[in-house]
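What follows is the residue order along each chain.
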Amino acid sequence: MTANTIPLKAKEYKSDIKPIWCPGCDHYSVLNAITKAMSALQLEKRNVAIISGIGCSSRLPAYTDMYGFHGVHGRALPVATGLAVARPELTVIAVGGDGDGFSIGGNHFLHACRRNVNFVYIAMDNEVYGMTKGQASPTSPADWDHSKLAPHGPQIKPFQPAAIALASGAGFIARAYSGNPNAMAKMIVEAIEFPGFAFIQALSHCITFCPEQSQWKDIVRPFDQEPTGDPVVAAQRIHGDDGFSAGVIYRNPRPCWPVEVLDASGRDRIGSAVETLSMEFQL
Ligand code: SF4
Ligand code: MG
């Protein structure tokens, strides 16, 4: 909680930079949800860092008045991992799109779930590469035929972010919808307060290249069950759903990495962690 005596409003967590997203893009709602969550928690701006890769959604850090890093395509999660390990007192939030997170950065997604470093990852999923003018992404429906590069659709079963997150070991898995930014803000608060890696798939429609996604407002509904800590129940829930139920699906805390002990050689946890990360990412 902040030491300020005057509570910060959500809009005070935004920068003066006007977003260049298309009018009607759902990413505006994700920005609103994040800043609402910041205000609800009254986090000090200097103690929050928003990390992104490349893509329409990855522009988001510039639109906030907190620390940010707009990095390399698909590499938001390694940067967020390193920052959260080196500065565990910070609230670290990685943001990005479905192409950035599940294709170019797909390997990092698996290992972020597995490693369980304490930060939040919000994947703004619109089932398309928006910034590069509408190519099929890993989450595009198999018959999505709007792109000249795939005139008959990608003809590949879409990537299932929640199922992959569960199989990879994520302890907090949720699905949000941009059409309900208040519910998304509440979910972001829960994700920040979760002790470990917290993944939110944020359905965020691209009005320009996927206008049909405006139907989501009639399709998305809340999960009719409370979050479970049982991975078998979570798997049944995820696979028994059409991908349009929103809510916290799975919540099962486990020890974060790096563990809070000195290793056998007596090195400190940060030194050991940075060394391990350096080897893994070939820094
Ligand atoms: Fe949003 Fe799509 Fe426009 Fe990108 S192309 S800003 S995702 S509406
Ligand atoms: Mg996308």
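Parameters at a glance
- Residues numbered from 1 in each chain as written.
- Chains lettered and ligands numbered in written order.
- Predicted model: local features only at pLDDT ≥ 70, side-chain atom pairs only at ≥ 80, totals over all residues.
- Heavy atoms only, no water.
- Donors = N, O, S within 2.8 Å, 3.2 Å for Na, K, Ca; no water.
- Buried < 20%, exposed > 50% of the residue type's maximum accessible area, 1.4 Å probe, protein only.
- Pairing = 2+ DSSP bridges.
- Helix = DSSP H or I, 4+ residues; strand = E, 2+ residues; numbered from the N terminus.
- Contact = heavy atoms within 4.5 Å.
- Axes fitted to C-alpha atoms, helices over the stretch in contact; angles between N-to-C directions.
- Near = heavy atom within 4 Å.
- Nonpolar A, V, L, I, M, F, W, Y, C, P; charged D, E, K, R; others polar.
- Parallel < 35°, antiparallel > 145°, perpendicular 65-115°, else oblique.
- Left-handed = near helix turned anticlockwise from the far one by under 90°.
- Lys, Arg positive; Asp, Glu negative; His and termini not counted.
- Salt bridge = Lys/Arg side-chain N within 4 Å of Asp/Glu carboxyl O.
- Polar contact = N/O pair within 3.5 Å; in protein donor to acceptor, adjacent residues only side chain to side chain.
- Arc of directions from axis to C-beta.

Visitor: So what exactly am I meant to see when it comes to the coordination of the magnesium ion (ligand 2) here?
Guide: Around a metal, the ideal angle is 109.5 degrees if four donors adopt a tetrahedral arrangement and 90 or 180 degrees if six donors adopt an octahedral arrangement. Coordination of the magnesium ion (ligand 2) by the protein involves Asp98 (OD), Asn126 (OD1) and Val128 (O), with metal-donor separations of 2.1 to 2.4 Å. Since its relative accessible area comes to 6%, Asn126 is described here as buried.

Visitor: Sorry, what's going on with the sheet that holds strand E9 (residues 221-222) here?
Guide: For sheets, the rule is that strands pair by backbone hydrogen bonds, running either parallel or antiparallel. Pairing is mixed across the open sheet formed by eight strands, whose spatial order is E2-E1-E3-E4-E8-E7-E10-E9. Edge strands, defined here as strands with exactly one partner in the open sheet, are strand E2 (67-70) and E9. Where strand E7 (residues 172-177) lies against strand E10 (residues 245-251), four bridges are found, and the strand directions are antiparallel. By the bridge assignment for E10, Phe172 is matched with Arg251. Lying on the sheet, helix H1 (residues 27-41) is in contact with strand E1 (48-52), strand E3 (91-97) and strand E4 (120-125); it crosses E4 at an angle near 160°.

Visitor: What's the story with the site of ligand 1 in this structure? I'm lost.
Guide: Residues in contact with ligand 1, as listed here, are Trp21, Cys22, Cys25, His27, Cys56, Asn126, Gly130, Cys206, Ile207, Thr208 and Phe209. Grouping the amino acids of the shell around ligand 1 by side-chain chemistry returns seven nonpolar, four polar and no charged.

Visitor: Could you clarify how one ought to interpret the packing of helix H2 (residues 76-86) against helix H4 (residues 106-115) in this entry?
Guide: Geometry of a packed helix pair, given as the angle between the helix axes and the separation of the axes. The interhelical angle for the contact between H2 and H4, taken along N-to-C directions, is 30°, at an axis separation of 9 Å. The angle between H2 and H4 falls in the class roughly parallel. Considering how the two elements wind past one another, H2 and H4 form a crossing that is left-handed. In this structure, H2 contributes Leu77, Pro78 and Thr81 to the contact, and H4 contributes His108, Phe109, Ala112 and Arg115. Of the residues contributing to the contact of H2 with H4, the split by class is four nonpolar, two polar and one charged.

Visitor: Sorry, what's going on with unusual backbone geometry here?
Guide: Leaving glycine aside, a negative phi is the common case for residues, and trans is the common case for peptide bonds. Residue Pro258 is reached from Trp257 by a cis peptide bond, and omega for that bond is 0°. When you line up the elements, Pro258 lands in the loop between E10 and helix H9 (269-280). A positive phi angle is found at Glu127, which is not glycine, with a value near 60°. Among the structural elements, Glu127 can be located in the loop between E4 and strand E5 (128-129). Positioned with a positive phi, Gln155 is a non-glycine residue whose angle comes to about 60°. Checked against the element boundaries, Gln155 lands in the loop between strand E6 (135-136) and helix H5 (161-168).

Visitor: Would you take a moment to explain the side chain of Asp125 for this structure?
Guide: Tracing the sequence through the fold places Asp125 in strand E4. Buried charge without a partner: Asp125 forms no salt bridge, and the closest opposite charge is Arg175, 7.2 Å away. At 2.9 Å, the side chain of Asp125 forms a polar contact with the side chain of Gln201.

Visitor: Looking at this structure, how should I read helix H8 (residues 231-239)?
Guide: A turn of α-helix holds 3.6 residues, and therefore any two residues three or four places apart point the same way. Every buried residue belonging to H8 is among Ala234, Arg237 and Ile238, and all of these are buried. Seen along its axis, H8 keeps its buried residues to an arc of 95°; they face one direction. Relative to its buried face, H8 has exposed residues pointing more than 90 degrees away, namely Val232, Gln236 and His239. Residues of H8 that are buried sit in contact with H5 and E10. Two or three places before Val232, at the start of H8, stands the capping residue Asp230, its side-chain oxygen 2.8 Å from that residue's backbone nitrogen.

Visitor: How do you make sense of the pattern of salt bridges when you look at a structure like this?
Guide: Two side chains of opposite charge can pair, provided their charged atoms sit close to one another. Within this structure, the stated rule accounts for seven salt bridges. Among the salt bridges present, the one from Arg87 reaches Glu89, with a minimum N-O distance of 2.5 Å. A salt bridge links Lys186 to Glu190, with the nearest nitrogen and oxygen atoms 3.5 Å apart. Taken together, the positions of Lys186 and Glu190, both in helix H6 (residues 181-193) and four residues apart, correspond to about one turn of that helix. Overlapping salt bridges, with partners in common, bring together Arg175, Arg221, Asp241 and Asp242 in one network.

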